Amino acid sequence: MSIFTVCAENACVACGEVHRFELDSGYALAFQQGFILWHDRGVLIQDALPFLTAGQREILMTGVSEECWDALFADEDEDLGDE
Ligand SMILES: [Zn+2]
């Protein structure tokens, strides 16, 4: 089974990395077509790219991964301790 890698357009605001994820190459054509629909034609991403996970869509839309969102919000809750 072969795969291809999708990179975010923007660096993550949480960690500064450009996040990426991998898809089965069977999705390559559907991804290209769906990406154009969403990115250039304004179709909702969940309609254009329904086979992506919520986390993968988030990387495309904002550049921030699910793990980084969790880290962003977890920090506020947990690191303040006993001030
Ligand atoms: Zn990140």
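Heads up: these notes are all about the structure in this document. Note that this is a predicted model, so its numbers are computed, not measured. (Residues numbered from 1 in each chain as written. Predicted model: local features only at pLDDT ≥ 70, side-chain atom pairs only at ≥ 80, totals over all residues.)

**Digging into the overall build of the chain**
Operational definition: The helix and strand labels rest on DSSP assignments: H or I over at least four residues marks a helix, E over at least two residues marks a strand, and numbering proceeds from the N terminus. In this description, any two residues whose backbone-derived C-beta atoms lie within 7 Å of each other are considered to be in contact.
Helices and strands together make up the secondary structure of the chain, namely four helices and two strands. Along the chain, helices (α) and strands (β) appear in the sequence β-β-α-α-α-α when read from the amino end. For the chain, long-range pairs separated by at least 24 residues make up 36% of all intrachain contacts whose partners lie at least 6 apart in sequence.

**A look at the pairing of strand S1 (residues 3-7)**
Filter applied, for reference: As a rule, residues whose C-beta atom has 12 or fewer other C-beta atoms within 10 Å are exposed, those with 20 or more are buried, and those in between are partly exposed; C-beta atoms are placed from the backbone. Two strands pair under a simple rule: DSSP has to find at least two bridges between them.
Summarising burial for S1: zero of the five residues are buried, a small minority. Pairing of S1 with strand S2 (residues 20-24), which is carried by five bridges, proceeds in the antiparallel orientation. Residue Cys-7 lies in a different strand from S2, and its bridge partner there is Arg-20.

**Overview of the environment of Arg-57**
Of note, Arg-57 is situated in helix H3 (residues 54-62). Here Arg-57 falls in the partly exposed class, since 17 other C-beta atoms lie within 10 Å of it. For Arg-57 and Gln-46, which are eleven residues apart along the polypeptide, the C-alpha to C-alpha distance reads 7.8 Å. Here Arg-57 is in contact with Ile-45, Gln-46, Leu-49 and Leu-52, once residues within four sequence places are set aside.

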